[in-house]
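So the chains spell out like this:
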Protein chains: 4
Amino acid sequence: MSTVIKNGTVVTADLSYRADVLVDGGVIVEIGQGLSGDTELDATGCYVMPGGIDPHTHLEMPFMGTYSTDDFESGTRAALSGGTTMVVDFALPAPGQGLHDALGMWHNKSTRANCDYSYHMAVTWWGEQVFNEMASVIEKEGITTFKHFMAYKGALMVNDDEMYASFQRLAELGGIAMVHAENGDVVAELSAKLLAQGNVGPEAHAYSRPSQVEGEATNRAIMIADMAGVPLYVVHTSCEEAHEAIRRAKQNGKRVWGEPLIQHLTLDESEYFNQDWDHAARRVMSPPFRNKQHQDSLWAGLQSGSLSVVATDHCAFTTDQKRFGVGDFTKIPNGTGGLEDRMPMLWTHGVNTGRLTPNEFVAVTSTNIAKILNCYPKKGAILVGADADIVVWDPEKEKTITAARQQSAIDYNVFEGKHVKGLPRFTLTRGHVAVHDGEIRTEEGHGKFVRREANNPVNKALSSWKELTSPRPVERTGIPATGV
Amino acid sequence: MSTVIKNGTVVTADLSYRADVLVDGGVIVEIGQGLSGDTELDATGCYVMPGGIDPHTHLEMPFMGTYSTDDFESGTRAALSGGTTMVVDFALPAPGQGLHDALGMWHNKSTRANCDYSYHMAVTWWGEQVFNEMASVIEKEGITTFKHFMAYKGALMVNDDEMYASFQRLAELGGIAMVHAENGDVVAELSAKLLAQGNVGPEAHAYSRPSQVEGEATNRAIMIADMAGVPLYVVHTSCEEAHEAIRRAKQNGKRVWGEPLIQHLTLDESEYFNQDWDHAARRVMSPPFRNKQHQDSLWAGLQSGSLSVVATDHCAFTTDQKRFGVGDFTKIPNGTGGLEDRMPMLWTHGVNTGRLTPNEFVAVTSTNIAKILNCYPKKGAILVGADADIVVWDPEKEKTITAARQQSAIDYNVFEGKHVKGLPRFTLTRGHVAVHDGEIRTEEGHGKFVRREANNPVNKALSSWKELTSPRPVERTGIPATGV
Amino acid sequence: MSTVIKNGTVVTADLSYRADVLVDGGVIVEIGQGLSGDTELDATGCYVMPGGIDPHTHLEMPFMGTYSTDDFESGTRAALSGGTTMVVDFALPAPGQGLHDALGMWHNKSTRANCDYSYHMAVTWWGEQVFNEMASVIEKEGITTFKHFMAYKGALMVNDDEMYASFQRLAELGGIAMVHAENGDVVAELSAKLLAQGNVGPEAHAYSRPSQVEGEATNRAIMIADMAGVPLYVVHTSCEEAHEAIRRAKQNGKRVWGEPLIQHLTLDESEYFNQDWDHAARRVMSPPFRNKQHQDSLWAGLQSGSLSVVATDHCAFTTDQKRFGVGDFTKIPNGTGGLEDRMPMLWTHGVNTGRLTPNEFVAVTSTNIAKILNCYPKKGAILVGADADIVVWDPEKEKTITAARQQSAIDYNVFEGKHVKGLPRFTLTRGHVAVHDGEIRTEEGHGKFVRREANNPVNKALSSWKELTSPRPVERTGIPATGV
Amino acid sequence: MSTVIKNGTVVTADLSYRADVLVDGGVIVEIGQGLSGDTELDATGCYVMPGGIDPHTHLEMPFMGTYSTDDFESGTRAALSGGTTMVVDFALPAPGQGLHDALGMWHNKSTRANCDYSYHMAVTWWGEQVFNEMASVIEKEGITTFKHFMAYKGALMVNDDEMYASFQRLAELGGIAMVHAENGDVVAELSAKLLAQGNVGPEAHAYSRPSQVEGEATNRAIMIADMAGVPLYVVHTSCEEAHEAIRRAKQNGKRVWGEPLIQHLTLDESEYFNQDWDHAARRVMSPPFRNKQHQDSLWAGLQSGSLSVVATDHCAFTTDQKRFGVGDFTKIPNGTGGLEDRMPMLWTHGVNTGRLTPNEFVAVTSTNIAKILNCYPKKGAILVGADADIVVWDPEKEKTITAARQQSAIDYNVFEGKHVKGLPRFTLTRGHVAVHDGEIRTEEGHGKFVRREANNPVNKALSSWKELTSPRPVERTGIPATGV
Ligand SMILES: [Zn+2]
Ligand SMILES: [Zn+2]
Ligand SMILES: [Zn+2]
Ligand SMILES: [Zn+2]
Ligand SMILES: [Zn+2]
Ligand SMILES: [Zn+2]
Ligand SMILES: [Zn+2]
Ligand SMILES: [Zn+2]
């Protein structure tokens, strides 16, 4: 049963051209003029693009005895609805828990996924078991990216020496280091001080995590990665300070990628000053929304290539869950949704304004991360042989975002009321048409885990350079000698 | 008569994979496993890459009643020998000469070319004729890139108002502005002062064009391009000051590309202090070689993407021609060779050290410029349908560069004695095997002119943004009014 | 007839301490405890500071057949009223006019000055006469600072080669180069384009001179000054781009000073969008007001020392004069007032907020410029032997600024309605009490011209460094030789 | 018994002028022409400058059961010999030891000092006792500056939360935070790795503390100080990365000072590659010497004001002590001398080259730190009433530095063989002529402790700004409410 996408313009990270795309057996089998198939999807007036990849989600994430409300079913349904065909979640070991053990729990959750997915492994504690399992997680599980939390002191946070040890291990194994970059010590101190001063509302969440605190941690992670000789991926880069640290690193030839979120690109800190507690609390996430100058910085980063990937950090809590934090902002669960809206919001504010070309849109929503994750061109490409993860994008289709008509399981949407122009006409996940002209036809459990290999070309190049420039002992005889 | 490249690893700007490549009728017709053809080229152990594109050459360039010594025949022969399959030369109108008229002269020279080529048009004076012909040069001739000299006062140099006018015209027409960025006024003043002080040797050429002078002009061109709303390509970016200006522009979202030369990446200013006048004079070019810190800056730019393209500015003069400047450095013809050595030198110092991945090597020698010039994927790609401009790169092949065995028509080589590892086993120009395992089989006149279209995606995006943010008049009634 | 200032706290750029100050014969004769004099001024609760120096005024400046409305009488009266005891005006030669000739005209205007003054000389054209007279202006007239306009094309503007020639001359003579930094070519082009588009209102004045245009010219002037080996003073630094260029220069050890105006520190571009044409036109000056981010940059520059001096560019035109430009913004006379309000506005927004210490306030309003101009400690100091140019500053005194009660001769005030806290109780000009607790007691013609010497320590140090690092010829024999 | 310094040129941070200086009772009593006194010192051809202040010494510092070899006697003798008249040492509490207790130990050591001195207090652990004693140390002991070690893990190092707590305490108390900025975790990891690789020589000390590690810590300390609202003083800023962090902070209006050492300004990392183990080991200090680019950065910082103070970190160990580290670089005692050579070396390489003016020399060797420490103008000034800590500087006096003729008690000198021009003719410590034309006439025990007050103007301004911009809660009613 083949499917042909007819009369569209293929748009990849590289180029745009008129062609039909023929899909069979879940993969792209032919690209060309005048193709035909069993089923025909009319892409007239549309762009045929690689489906989006969201490299940063937290579906059904354990939290205070409950879970983030979007699970792999509703979460991937929301993703597909917005043109995203792959998500990458984070497997989070509890303190002392083994990596494989944690992975097992995540594999259990993802069985209901509607689209393909992968995981990043989190390093939440350090010890010989973690050291050893890192190798097998890479080799046996095909997971090459390891996240480190520099915040959430007393919970997920690791210290500098643990980060160095883990980063060095990754350098040996050909993996990639990731960081949530905020100075956890300072966040904890500021939070305590704010609470003591009676600053208990959701706006104090933003006060407790100023951009300087993120910039500092980003800068620190970059230094540690450089010393360890490992490529670094900085998640949710939200501010100029962090972006500046990344730019400065890159201009010294370091291998660092930054990931702004669609929320930070389009929403600002004034949301926290809303008179409505619920409104503000629903926007609580870490890092918090920033001001317009930070937004401008992030957009310029996407334009210039100093930032590489747009993600969501989708971690959806209901209003009821958010209300755990009434009277104490530190108890508001951190996280917002975005999976369904990432691509339309980025298209509207990026491509329609002229900040990004359509090709750059594909790069930052799909192709760049596929390369970093080393699953390109299986993912992130419109090429023969690639998985048929495809979004047929209608640049004229419009809507106003509202929780009332969203796929996410929560009761609000941080983009409520935003008008978008540019939406999927069809979304295909490995050939299955999951979104058909506004109709959701997802298939629970269709999604498969995507294995990835270590040692991508950047790892290899960096290792060569580090070997070439490694410290050499001075050859001396008769130590000590005489002289000045 | 088809040709198949067997058993190699295809390496593009995007990815690397094992595949055979079948060529017929001058284009790539199939990529896959187990292909066969009339002729077979063994690529075992080799990388099959898009042929190099050198976007900056001056073949048979008129100079003081004579010409630069490499013409389109010897120049493109040298290019192919080193794995470069397309060159872009500069058509330089004389003062008052029309653009089409100048182009006619260049078309005459290029009839003997061994590989494909295109031109940039230079804007060397300003007037209504130039204004008008810019449109027809783009539309009829397929030339979309226009160079402006900010140096060579009294000859090629244009002033800021002329640059602004030309840049604005290009913004309307969807073209791209290029600049040779050095402050011509200051260069002229410094040169006069140096001569007056008795600083007449070739080292004074370097003294007369310090990096600050290049940085300033680069910064100025960027501002003018931003005001006019046109993308800017800065040729021969040789120093940190210019690179910094480009980085700063990019971090504000401006559309600017920088082009380091292989010479500036690998040779330094100490060459000018050589006791041998000939040695120093042979290295005289503008901008001159810089020191190690500038080199590090350029390499980091290639790694981070703040610089986009590696070129040569190939403009080869013999020792006899160089000696016009004995006793007066300002009379030494400016220019060095490099066409044959660009790719081996960059591979050796870039890929072999780990500074660049093989994919990044392809990007900066071929794919990036093909996209900028808007001739991708006809050029710069290993894709079905692309021109069969291919280099089969043997990473184990070594040689020591020497003028004694070069294709260039001049009597020396600025890379003399440099050892390189990584050389072409075969070079194909539109399917014709011009280099066959060390043997040169170029075909004079085989090369064809490459037309290009205006309005690439970056132009379109920039125009949208500039329109969106253009100045709007304040609506007032009863002008003037009363108040404070 | 001696005067003693009793019971105040002396505040200088260096330190604060309790002391009385005794004045006689126009100079400070004693500083200490328990002093007495013929007249006593009660400074209880006040700071006794060096009188302000405004290094940038245009009093009775010729313009379109008329003059800027504040002359040396009303201008210096306004100055004293606000605590400023010295102004430095610009002598502007007409095209072809000699420097001494122009100076004569300015000396004629200043006879009515109420406080001391000096001049900067403008270099508005270039030729042998200018070259020669620069020496005699410095030696005979005691004027060491020479201004160059990079804007006002067709009128005051000089080109890069003229700037280089003049800067080099100043390096020889031990003078200081000054620039009005905006790219005049681009301003002219943008202005023409805006007018053609029907953008004729005062807001188009701001559109025609974006911050990039100022940043570019600042960067260019810095490069030219560096090549010529002369210290550079950039007047009216209004934006981050210009400030960034200055910072970048300083971090390379270059000798550059930046001068923000009180207007740019406290007013923003939204003034130009006022519905009232008069309101907007009265704020027209070059550079125009900028946005909040630029303001933050300027304040940080004062805090960090990357900017050195706060001035006004006082050039006051009446509403009637402003209305020359109805229907064509390019005809609105450029300039605003500020002499009376500079110090109270800076104290209110700088010291009262904690951005500046009181000592830093003295530095940027008086001492720094006195050192740069080489008239310290005659001016800018509270030291025995210094001129008794003193302001007794009452930090509790408040007012709301209004044209209704100002000294300036014009009919409005750009700071109208601003509340200030911190005002002079007394202002002394060479011992004469010109402001006495709110009462103006200026004495027309009391002001004297302040001669200055060339070769201040920075000039000398820079010359040594430039000599040490100047280009040296390579010694060669048998030119040309043989080799590679 | 008065002393008059005749016929010299007084050079201060502000200005230079011809005057005699009369000293009596240990203070300056008159400055003027034609003064006379009981004793006359001929300053013909000399500069009469404030004596140097070295704010960073470790005299008789405990180490591995022994002490750094220069104690307060030999150390201050060396200081005076080189024109330095005050030193500031660090009181280092052992783990768990109270601040006052540690101070008592330091007061015992300093009884033999030949010149005045003060202390910084180190915060080497954190607890309620430290919190409480910080107040009494400031108020009762007159010590306002508190040092924090970010390196020396397991010994002196404090963590980020401890630093934040201490910095916040200092903000309340009006003190100043200081940091030794290197990432101690990473240094420890790198050291262990180097030893494991057989990199055991002194050059590995440099490898273990790359400039990135210092830059990171500097950046982190700046962020923490900003969050806590306290001014920050960064000791021994040795590299561009740290300097960049300081510049970046300052350009955002933060209150940070940087202190390069004379060693880092004039010596480079090649010293560690010396074939002679002793030669290399004698230069082991933290941070280690850097390369030429870092030196250039530091010099430019002094020129531009982004760096404020030149110190020595004088901590002198004999060759025998250094040899504790044969076979294990981590056991080489860290520290070099410099007290005697700081001023001649800085004059020679700074003033004689034209990088610094004589006034800037005074600023960075004396006046700036006196202001920061809040003991200006008692120290750091040539003013009536100031302590007669004076150096009469002969700019024509020359010598070659050698251990054979030094005051320091150790057996070598890291500046051995350097030729200097510019040396003290006389050095006065509170009126006592301790150096008389080459003859050392120090008086053991003459030195007194210098008390200092908290709340200098920068502290006050910063507190105002932080109060003005502190987080404010949003006023809400009916929490939570309804909405989006
Ligand atoms: Zn996170
Ligand atoms: Zn997350
Ligand atoms: Zn050129
Ligand atoms: Zn060229
Ligand atoms: Zn001006
Ligand atoms: Zn002006
Ligand atoms: Zn230290
Ligand atoms: Zn120390």
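Reading the values: the criteria
Here the residue numbering is sequential within each chain, running from 1 through the sequence in written order. Key to labels: chains lettered from A, ligands numbered from 1, both in the order written. Reporting of local features is limited, given that this is a predicted model, to residues whose pLDDT is at least 70; pairs of side-chain atoms are given and counted only at 80 or more, and all residues count toward the totals for whole chains, interfaces and linings. Working from all heavy atoms in the structure, the side-chain values ignore hydrogens and water. Each helix is a run of H or I in the DSSP string that is no shorter than four residues. Each strand is a run of E no shorter than two, and both are numbered from the N terminus. Type-normalised accessible area, obtained with a 1.4 Å probe on protein chains alone, sets the label of each residue: buried when under 20%, exposed when over 50%, and partly exposed for intermediate values. In this description, contact between two residues means that some pair of their heavy atoms is separated by no more than 4.5 Å. Areas reported as accessible are Shrake-Rupley estimates using a 1.4 Å probe. Residue values count occlusion only from the protein chains shown. Our superposition of the copies is a least-squares fit, built on the C-alpha atoms of residues whose pLDDT is at least 70 in both. Any N, O or S atom lying within 2.8 Å of the metal counts as a donor, and for Na, K and Ca the limit rises to 3.2 Å; water is left out, so some sites can look incomplete. Joining two parts hides part of their accessible area as seen by a 1.4 Å probe, and the buried area is that hidden amount summed over both. Criterion for a salt bridge: a side-chain nitrogen of Lys or Arg within 4 Å of a carboxyl oxygen of Asp or Glu. A 3.5 Å cut-off defines polar contacts: any pair of N or O atoms within that distance qualifies, except that in protein one atom must be a possible hydrogen donor and the other a possible acceptor, and neighbouring residues in sequence count only when both atoms are side-chain atoms. For this classification, the nonpolar set comprises Ala, Val, Leu, Ile, Met, Phe, Trp, Tyr, Cys and Pro, the charged set comprises Asp, Glu, Lys and Arg, and every other residue, Gly included, is treated as polar. For two strands to pair, DSSP has to find at least two bridges joining them. Convention adopted: a line fitted to C-alpha atoms gives each axis, helices being fitted over their contacting stretch, and angles between N-to-C directions are expressed from 0 to 180 degrees. UniProt positions are given in the numbering used here, feature names are shortened, and annotations may be inferred rather than shown by experiment. A pair of Phe, Tyr and Trp rings is counted when the ring centres sit within 6.5 Å of each other, with Trp represented by its six-membered ring. The angle between the planes then sorts it: under 30 degrees is stacked, over 60 is edge-to-face, the rest tilted.

Participant: Could you give me a rundown of the overall build of chain A, with the residues and numbers involved?
Facilitator: Summing up its helical and strand segments, chain A has 15 helices and 20 strands in all. If you line up chain A on its principal axes, its C-alpha atoms span 85 × 60 × 45 Å. By the burial criterion, 68% of the 484 residues in chain A qualify as buried. Looking at chain A alone, contacts between residues at least 24 apart form 76% of all its contacts between residues at least 6 apart. Counting only carbon and sulfur atoms, one obtains 48% of the accessible surface of chain A, whose full area is about 14700 Å².

Participant: Describe in detail the relation of the copies chain A and chain D, supporting the description with residues and values.
Facilitator: Structural alignment of chain A on chain D gives an RMSD of 0.0 Å, achieved by rotating through 180° and translating 0.0 Å along the axis. Accordingly, the operation relating the two chain copies is best matched by a two-fold axis. The share of interface residues of chain A whose copies in chain D are also at the interface is 100%, consistent with both copies meeting through the same surface.

Participant: Explain the coordination of the zinc ion (ligand 7) to me, and be specific about the residues and the numbers.
Facilitator: Residue and element names in this part refer to chain D. At this site the zinc ion (ligand 7) is bound by His180 (ND1) and His236 (NE2), with donor distances of 2.0 to 2.1 Å. A spacing of 3.4 Å is found between the zinc ion (ligand 7) and the zinc ion (ligand 8). Here His236 lies in the loop between β15 (232-234) and α8 (240-250) and His180 lies in strand β14 (residues 176-180), a separation of 56 residues in the sequence. Just as His180 is buried, His236 falls in that class too.

Participant: Please set out the relation of the copies chain C and chain D residue by residue, giving values where relevant.
Facilitator: Both copies of the chain are related through a single rotation about an axis accompanied by a shift along the same axis. Between the two copies, chain C and chain D, the superposition gives an RMSD of 0.0 Å; the rotation angle is 180° and the shift along the axis is 0.0 Å. With an isologous cut-off of 70% or more, the 100% of interface residues of chain C that recur at the interface of chain D puts this contact in the isologous class.

Participant: Before we move on, can you summarise the coordination of the zinc ion (ligand 8) with the specific residues and values?
Facilitator: Those donors, His56(D) (NE2), His58(D) (NE2) and Asp313(D) (OD), are the protein atoms that reach the zinc ion (ligand 8), and they lie 2.1 to 2.3 Å from it. Every donor residue of the zinc ion (ligand 8) comes from the same chain, spaced as H-x1-H-x254-D.

Participant: Explain the interface of chain A and chain D residue by residue, including any values.
Facilitator: Facing 56 residues of chain A, the contacting portion of chain D comprises 56 residues. At the boundary of chain A with chain D, total buried surface from both sides reaches about 4800 Å², with 55% on carbon and sulfur atoms. Our count for the chain A to chain D interface comes out at eight salt bridges. A salt bridge links Glu244(A) to Arg248(D); the shortest N-O distance between them is 3.5 Å. Here chain A is connected to chain D by 22 residue pairs in polar contact (both at pLDDT 80 or more). Elements represented by at least two residues in the side of chain A that touches chain D include exactly α4 (160-173), α5 (184-196), α6 (202-207), α7 (211-228), α8 (240-250) and α10 (277-282) of chain A.

Participant: Report on the interface of chain C and chain D, specifying residues and quantitative values.
Facilitator: With 28 residues of chain C in contact, the opposing surface of chain D contributes 28 residues. Counting each side, the surface lost to burial between chain C and chain D is near 2500 Å², with a carbon and sulfur contribution of 56%. The largest per-residue losses of area from chain C upon contact with chain D belong to Asp14(C), Gln251(C) and Arg255(C), which jointly make up 21% of the total buried on that side. On inspection of chain C and its partner chain D, the count reaches four salt bridges. Between Arg255(D) and Glu360(C) there is a salt bridge, with its nearest N and O atoms 2.7 Å apart. The tally of links between chain C and chain D comes to 12 residue pairs in polar contact (both at pLDDT 80 or more). Of all the elements in the fold, those that place two or more residues in the side of chain C that touches chain D are α8 (240-250), α11 (292-304), α14 (358-372) and α15 (457-468) of chain C. Looking at the side of chain C that touches chain D element by element, the count peaks at seven residues for α15(C). Class assignment of the residues belonging to the side of chain C that touches chain D gives a composition of 11 nonpolar, 10 polar and seven charged.

Participant: Residues and numbers for unusual backbone geometry, please.
Facilitator: Residue Pro377(A) is bonded to the preceding Tyr376(A) through a cis peptide linkage, with omega at 5°. Note on placement: Pro377(A) falls in the loop between α14 (358-372) and β17 (390-400). In this chain, Ser286(D) is followed by Pro287(D) through a cis amide linkage whose omega measures -5°. Mapped onto the elements of the fold, Pro287(D) is located in the loop between α10 (277-282) and α11 (292-304). For His236(B), which is not glycine, the phi torsion reads 35° and is therefore positive. In this structure His236(B) comes out as buried when scored by relative accessible area, which is 2%. Even without a glycine there, the phi angle at Arg430(D) is positive, about 40°. By the secondary structure assignment, Arg430(D) is in the loop between β18 (419-429) and β19 (432-436).

Participant: Requested: an account of the sheet that holds strand β16 (residues 256-258) of chain B, with residues and values cited.
Facilitator: Residue and element names in this part refer to chain B. Across the sheet, which stays open at both edges, the seven strands sit in the order β8-β11-β12-β13-β14-β15-β16 with parallel pairing between neighbours. Only two strands of the sheet have a single partner each, and these edge strands are β8 (52-57) and β16. Strand-to-strand twist of the sheet, defined as the mean angle between neighbouring strand axes without regard to direction, takes the value 25°. Note that strand β14 (residues 176-180) and strand β15 (residues 232-234) share three bridges and pair parallel. Of the residues in β15, the one forming a bridge with Met178 is Tyr233. The strands touched by helix α1 (residues 72-81) within the sheet are β11 (84-91) and β12 (116-122), with β11 carrying the most contacts at an inclination of about 145°.

Participant: Go over the UniProt feature "domain: Amidohydrolase-related" (unreviewed entry) in chain A with me, naming the residues and quoting the values.
Facilitator: What UniProt calls "domain: Amidohydrolase-related" (unreviewed entry) maps, in this numbering, to residues 47-418 of chain A. Summarising residues 47-418 of chain A: 40% helix, 15% strand, and an end-to-end C-alpha distance of 23 Å.

Participant: Can you explain the packing of aromatic side chains? Please cite residues and give values.
Facilitator: Residues and elements named next belong to chain A. Applying the stated rule across the entire model yields 56 aromatic pairs over all chains. Ring centres of Trp126 and Phe131 lie 6.4 Å apart, and the angle between their planes is 85°; on these two criteria the pair is classed as edge-to-face. Residue classification places Trp126 among the partly exposed residues on the basis of a relative accessible area of 24%. The partly exposed category is assigned to Phe131, whose relative accessible area is 30%.

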